[in-house]
Amino acid sequence: MRRGLPGDGSDVQARYLEVDVSGLRIASVYLPNGNPQPGPKFDYKLAWFERLIAHARTLMDSGRDVVLAGDFNVVPTDADIYNAWLWRFDAVLQPETRALHERLLGQGWIDATRHLHPAERIYTFWVNESAFRRNAGFRMDFLLLAPTLAARLTRAEVDVEHRGRERPSDHAPVWIELGGTRA
């Protein structure tokens, strides 16, 4: 088990937890929001993202079955938000944030949702109940899979009904189903 992301011993924010469960290494990620930007919070976000990319490389190089799961606080493309123009100044849509997300995926990580739903408008976050009712959302919660898991991926979904409950989180749970065993 690992608590905290390596690379900065002075960082005490609880944003990363890594455990082994049933043959999988699962990392829970809560990437900093980074607002307001520019500023120290955005700088921290970018530095933290760089540390995540460095550690993710070691996980990828391990050859293990790994899932990076959580709130990455990035909207990778305009197809992942109801209206990018309205949010263009938010840290989750900045070119630097998107470029770091692309670098992470460039290591070989597979976005489970996009892998199974390449063209669908899917959201995982709505800023409030009114936005939820209008489906004016963002997709910024991900399950990123090491390539060793791609053939086992059978489902990748968002529990939108959970978001519709009374007093819910502004994020809906994202989940995957893996079939079979590793060959």
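Reading the values: rules and limits
Residues numbered from 1 in each chain as written. Predicted model: local features only at pLDDT ≥ 70, side-chain atom pairs only at ≥ 80, totals over all residues. Heavy atoms only, no water. Helix = DSSP H or I, 4+ residues; strand = E, 2+ residues; numbered from the N terminus. Buried < 20%, exposed > 50% of the residue type's maximum accessible area, 1.4 Å probe, protein only. Contact = heavy atoms within 4.5 Å. Areas by Shrake-Rupley, 256 points an atom, 1.4 Å probe, with all protein chains shown as cover. Lys, Arg positive; Asp, Glu negative; His and termini not counted. Charge placed at Lys NZ, Arg CZ, Asp CG, Glu CD. Phe/Tyr/Trp six-rings, centres within 6.5 Å; stacked < 30°, edge-to-face > 60°. Lys NZ or Arg CZ within 6 Å of the ring centre and 35° of its normal. Core = buried A, V, L, I, M, F, W, Y, C linked by side-chain atoms within 4.5 Å. Pairing = 2+ DSSP bridges. Axes fitted to C-alpha atoms, helices over the stretch in contact; angles between N-to-C directions.

Student: Teacher, can you tell me more about the overall build of the chain here?
Tutor: Of regular secondary structure, the chain possesses five helices and eight strands. Viewed in the frame of its principal axes, the chain has a C-alpha envelope of about 45 × 40 × 30 Å. Here the chain holds 183 residues, and the buried ones make up 46% of them. The long-range fraction of contacts in the chain, counting pairs at least 24 apart against all pairs at least 6 apart in sequence, stands at 68%. Entry remark: accessible area of the chain is about 9500 Å², with carbon and sulfur atoms responsible for 53%. The average position of the 23 basic charges and that of the 24 acidic charges among the side chains of the chain differ by 1 Å.

Student: Just checking my understanding: could you explain the packing of aromatic side chains for this structure?
Tutor: One pair of aromatic rings is described through two measures. These are the centre distance and the angle between the planes. The tally for this structure, following the rule as stated, stands at five aromatic pairs. Aromatic pair Phe 72 and Phe 142: ring centres 5.7 Å apart, planes at 75 degrees, arrangement edge-to-face. One end of the pair, Phe 72, is in the loop between strand 4 (66–71) and helix 2 (95–106); the other, Phe 142, is in strand 6 (residues 141–145), and 70 residues separate them in sequence. We classify Phe 142 as buried; its relative accessible area is 1%. Cluster of aromatic residues (ring-pair linked, three or more members): Tyr 82, Trp 87, Phe 125 and Phe 138. A cation sits over an aromatic face here: Arg 88 above Trp 85, 3.8 Å from the ring centre.

Student: For this particular structure, what's the right way to read the side chain of Thr 113?
Tutor: You can see Thr 113 is positioned in helix 3 (residues 112–116). When neighbours within four sequence positions are excluded, Thr 113 is seen to be in contact with Ile 122, Arg 139, Ala 156 and Val 174.

Student: What am I meant to see in the nonpolar core here?
Tutor: What tends to happen in soluble globular proteins is that the nonpolar side chains get buried as a cluster. In terms of nonpolar packing, the biggest core is built from 33 residues, with Tyr 16, Leu 52, Leu 68, Phe 72, Leu 104 and Trp 109 touching the most fellow members. Listing elements by their share of this core, those giving two or more residues are strand 3 (24–30), helix 1 (40–61), strand 4, helix 2 and strand 6. Looking at this core element by element, the count peaks at nine residues for helix 1. Residues contacting Leu 68, with those up to four places away along its chain left out, are Ala 27, Ala 56, Leu 59, Leu 104, Trp 109, Phe 142, Leu 143 and Leu 144. Counting 20 residues, the second largest nonpolar core, distinct from the first, contains Ala 69, Ala 136, Leu 149 and Ala 156.

Student: For this particular structure, what's the right way to read the sheet that holds strand 4?
Tutor: Within a sheet, each strand pairs with its neighbour through backbone hydrogen bonds, oriented either parallel or antiparallel. If you walk across this open sheet you meet the six strands as 1-2-3-4-6-5, and the pairing is mixed. Lying at the two open borders of the sheet, with one neighbouring strand each, are strand 1 (2–3) and strand 5 (110–111). Pairing of strand 5 with strand 6 involves two bridges; the strand directions are antiparallel. Residue pairing in the sheet places Ile 110 in a bridge with Leu 145 of strand 6. Those strands touched by helix 1 are strand 1, strand 2 (16–21), strand 3 and strand 4, and its axis lies near 20 degrees from that of strand 2.

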